[in-house]
Amino acid sequence: MKRVGLGHKTPDEMVDVVFRTILTTLEKTSPFYITSFCLHPPETHEYEHGLLSQWRGYANGGFAIEFDEADLDRLTTLESGAFSHAGIKTDRVHYREHAKQVDLAKFKGMAGATLLSIVESDPELLAAFGHKRLLDFMLPFFEVVPFLKDDGFAEEKEYRSVALCIRPKHRPDIDKRPVRAVQFRVSARGNVVPYVMLFDNLPKQLSIKSVIIGPHHNQENQRKAVSLLLEQTGVDAAIRLSTIPYREN
């Protein structure tokens, strides 16, 4: 049998090869786009005031917007019907007992498919590794992997919307729905970041339930500005001030 050139890799290294190879395969046809939310129970301190780690990491004196989570699921259904996606799913992120979230039967043969994707295919290799391809595992991978996260992030209680947005040239011929156009923005560090605008131009918009004014040296002025903005846009949402102490360096 041919040698596949993977050397003497440990099991962990082989898992990494499989993981990176299937991500690369997805990137070529249907890249992941992830939108993250925090889902804390009402009347908890985190719900009322937000998380200090999130204010530090993302807001920097800004705002936290509470959306209607039921609307998010309804709009996901509308999005799936109106635009061509390889998959779109909303779910809680799991921080512990990751193995319980995985149906291993759905991934049978994935290691062989990975090897076939990185070596030259021939009858000998097909007989050894089977006839499945990495794209056959795209949906099982998509349904699980984006919703697993290290326990160190558990305080976030993250809820994610994950979309596999098909690149235009890979849209099936039988699918006449449009694909979402990829937009681009520049991050605070100067990186170019691609993104898609889910729910745009749908008959229903995502409802805003409340806005938290984050730690700021003049929260009251921030509150007045947000109140005017909500009034001007016709959004009926509660406004509250976070009491978390935070001072910028």
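So, here is what we can say about the structure in this document. (Residues numbered from 1 in each chain as written. Predicted model: local features only at pLDDT ≥ 70, side-chain atom pairs only at ≥ 80, totals over all residues. Heavy atoms only, no water.)

Looking at a nonpolar patch on the surface
Rules: Patch definition: residues with relative accessible area over 30% and no salt bridge; like charges joined within 9 Å; nonpolar side chains (Val, Leu, Ile, Met, Phe, Trp, Tyr) joined within 5 Å. Surface accessibility in these figures is a Shrake-Rupley result with a 1.4 Å probe; residues are shielded only by whichever protein chains are displayed. Salt bridge, as used here, is a side-chain nitrogen of Lys or Arg placed within 4 Å of a carboxyl oxygen of Asp or Glu. The numbering of helices and of strands both runs from the N terminus, where a helix is a DSSP run of H or I of at least 4 residues and a strand a run of E of at least 2.
Taken together, the side chains of V182, F184, V186 and V192 make up a nonpolar region of the molecular surface, amounting to roughly 410 Å² of accessible area. In this fold, V182 is placed in the loop between strand 4 (158-165) and strand 5 (183-186).

Here's the deal with the side chain of H40
Here is the rule we go by: Think of it in three bands: with a 1.4 Å probe and only protein chains considered, a residue is buried below 20% of the maximum accessible area for its type, exposed above 50%, and partly exposed in between. We call two N or O atoms a polar contact when they sit within 3.5 Å, provided that within protein one can donate a hydrogen and the other can accept it, with sequence-adjacent residues counted only if both atoms are side-chain atoms. In what follows, residue pairs with any heavy atoms lying within 4.5 Å of each other are defined as contacts.
Mapped onto the elements of the fold, H40 is located in the loop between strand 1 (32-38) and helix 2 (45-49). The class of H40 is buried, set by a relative accessible area of 11%. A distance of 2.9 Å separates the side chain of H40 from the backbone oxygen of E155, its partner in a polar contact. In contact with H40, other than residues within four places in its own chain, are E46, Y47, L51, E155, E156 and K157.

Overview of the nonpolar core
We count it as follows: The term nonpolar core refers to a set of buried residues drawn from Ala, Val, Leu, Ile, Met, Phe, Trp, Tyr and Cys, joined through side-chain atoms within 4.5 Å.
Ranked by size, the top nonpolar core spans twelve residues in total: Y33, L72, L75, F83, I88, Y159, A163, C165, V196, L198, F199 and L202. At the level of secondary structure, the elements contributing two or more residues to this core comprise helix 4 (69-82) and strand 4. For this core, the leading source of residues is strand 4, giving three residues. Residues contacting L198, with those up to four places away along its chain left out, are E79, H85, I88, S161, A163 and R180. In terms of nonpolar packing, the next biggest core, distinct from the first, is built from ten residues, L26, A86, F141 and I166 among them.

Here we look at the sheet that holds strand 4
Heads up, the condition is: At least two bridges found by DSSP between two strands are what make those strands a pair. Axis definition: a line fit to C-alpha positions, over the contact stretch in the case of helices; interaxial angles, taken between N-to-C directions, run 0 to 180 degrees.
Sheet architecture is open: three strands sit in the order 1-4-3, paired in antiparallel fashion. Here the strands that pair on one side only, and so sit at the sheet edges, are strand 1 and strand 3 (85-92). Ignoring strand direction, the axes of neighbouring strands in this sheet form an average angle of 10 degrees. Strand direction decides the pairing type here: strand 3 and strand 4, joined by seven bridges, are antiparallel. Each residue of the ladder has a partner; that of D91, found in strand 4, is R160. Docked against the sheet, helix 4 engages strand 1, strand 3 and strand 4, running at close to 175 degrees with respect to strand 3.

Quick look at the packing of aromatic side chains
Note the threshold: Two rings from Phe, Tyr or Trp (for Trp, the six-membered ring) form a pair when their centres are within 6.5 Å of each other. A pair whose planes differ by under 30 degrees is stacked, one over 60 is edge-to-face, and the rest are tilted. For a ring to carry a charge above it, either NZ of a lysine or CZ of an arginine must fall within 6 Å of the ring centroid while also lying within 35 degrees of the normal to the ring plane.
Summed over all chains, the structure comprises three aromatic pairs. On the basis of an interplanar angle of 40 degrees and a centroid distance of 6.3 Å, the ring pair of F32 and F142 is categorised as tilted. Taken together, the residues span a long stretch of sequence, with F32 in strand 1 and F142 in helix 7 (residues 138-144) at a distance of 110 residues. The class of F32 is partly exposed, set by a relative accessible area of 22%. Across the ring face of F83, the terminal group of R180 is positioned such that the distance to the ring centre comes to 3.6 Å.

Here we look at the sheet that holds strand 2 (residues 63-67)
Judged by pairing direction, the sheet is mixed, and its three strands sit side by side in the order 2-7-8 without closing on themselves. The open sheet has two edge strands, strand 2 and strand 8 (238-241), and neither has a second partner. The sheet shows a mean angle of 20 degrees between the axes of neighbouring strands, direction not considered. Two strands pair when backbone bridges link them, and strand 2 and strand 7 (residues 208-213) are joined in this way by five bridges, in the antiparallel orientation. Within strand 7, the position partnered with A64 by the bridge is I212.

Some words on the pattern of salt bridges
Following the criterion strictly, the structure yields 13 salt bridges and no others. Across the pair D91 and K89 runs a salt bridge whose closest N-O atoms are separated by 3.9 Å. For K89, a relative accessible area of 24% translates into the label partly exposed. In this structure, K149 and E156 form a salt bridge, with 3.1 Å as the shortest nitrogen-oxygen distance. Neither K149 nor E156 differs from the other in exposure class; each is buried. Sharing partners across several salt bridges, the network here consists of K149, E156, E158 and R160.

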